[in-house]
Amino acid sequence: MKQDIDYFNGMSTEDLHQRFLQKLYSKTEFIQYNDPDDFFDPEQEYGNHITQCIAEERDFLRELIRDASGEAGIVLANERVEEMVRQKIEEINHLIGTAIEDYIEKVSVTYIDPVPECGQTSILYRWFCRLLKFIKSFFNS
């Protein structure tokens, strides 16, 4: 059994950090659909992207560790794999610093109402809505 197994396939913590940043910055423009009557979280879309990047990085680390241990003929318990992932994530987090805050400052979000007024799929609803708008136009004139 080998003691000096490279579980990260030659990738340094800096390499993994750069990989994370590349994935993070792969998307800086977001479209957020919201109902104008609903309260919405302006961070929803890019927050989901950040969370997804972090989850993908964890999955990537797990895969690296499992592949390296499999090639070495070693079977690692899930707890040991998770411990190694957690340790590497902590090392990466030391390098991240304000990278996520810097990313958030560069993000642009466009808000779109997914269903315009009187744009419902029901013909009866659309007809009634347009009739109501027509009647209101008489009172506003």
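Our structure's up above, just so we're on the same page.
None of these values were measured; they are calculated from a predicted model.

### Observations concerning the packing of aromatic side chains
Ring pairs (aromatic) are described by centroid distance and by the angle formed between their planes.
Here's step 1: All chains considered together, the criterion is met by two aromatic pairs.
Here's step 2: Each ring, one from tyrosine 25 and one from tyrosine 103, has its centre 5.2 Å from the other, and the planes form 85°; the classification is edge-to-face. With tyrosine 25 in the loop between helix H1 (13-24) and strand S1 (29-33) and tyrosine 103 in helix H4 (residues 99-106), this residue pair connects regions lying 78 residues apart in the sequence.
Here's step 3: Judged by relative accessible area, tyrosine 25 falls into the partly exposed class, the value being 31%.
Here's step 4: According to the relative accessible area criterion, tyrosine 103 is buried, its value standing at 0%.
Here's step 5: Ring centres of phenylalanine 30 and tyrosine 46 lie 6.4 Å apart, and the angle between their planes is 55°; this geometry places the pair in the tilted category. In this pair, phenylalanine 30 sits in strand S1 while tyrosine 46 sits in helix H2 (residues 44-71), placing the two residues 16 residues apart along the sequence.
Here's step 6: Between the NZ or CZ atom of arginine 19 and the centre of the ring of phenylalanine 60, over which it lies, the distance is 3.6 Å.

### A word on the pairing of S1
Here's step 1: Along S1, the buried face is formed by Phe30 and Gln32; none of Glu29, Ile31 and Tyr33, which line the opposite face, is buried.
Here's step 2: Judged from the five bridges that link them, S1 and strand S2 (residues 108-112) form a sheet pairing that is parallel. For phenylalanine 30, the partnering residue across the bridge sits in S2 and is valine 109.

### A closer look at the packing of H1 against helix H3 (residues 78-96)
Here's step 1: For the pair H1 and H3, the least separation of the axes is 9 Å and the interaxial angle reads 70°. Looking at the two axes, H1 sits roughly perpendicular to H3. Here H1 and H3 pass one another in a crossing that is right-handed. Here Thr13, Glu14, Leu16, His17 and Phe20 of H1 come into contact with H3, specifically with Lys88, Glu91, Ile92, Leu95 and Ile96.
Here's step 2: Along the lines of polarity and charge, the residues of the contact of H1 with H3 split into five nonpolar, two polar and three charged.

Each value, and the rule that gives it
- Residues numbered from 1 in each chain as written.
- Predicted model: local features only at pLDDT ≥ 70, side-chain atom pairs only at ≥ 80, totals over all residues.
- Heavy atoms only, no water.
- Phe/Tyr/Trp six-rings, centres within 6.5 Å; stacked < 30°, edge-to-face > 60°.
- Helix = DSSP H or I, 4+ residues; strand = E, 2+ residues; numbered from the N terminus.
- Buried < 20%, exposed > 50% of the residue type's maximum accessible area, 1.4 Å probe, protein only.
- Lys NZ or Arg CZ within 6 Å of the ring centre and 35° of its normal.
- Pairing = 2+ DSSP bridges.
- Axes fitted to C-alpha atoms, helices over the stretch in contact; angles between N-to-C directions.
- Parallel < 35°, antiparallel > 145°, perpendicular 65-115°, else oblique.
- Left-handed = near helix turned anticlockwise from the far one by under 90°.
- Contact = heavy atoms within 4.5 Å.
- Nonpolar A, V, L, I, M, F, W, Y, C, P; charged D, E, K, R; others polar.

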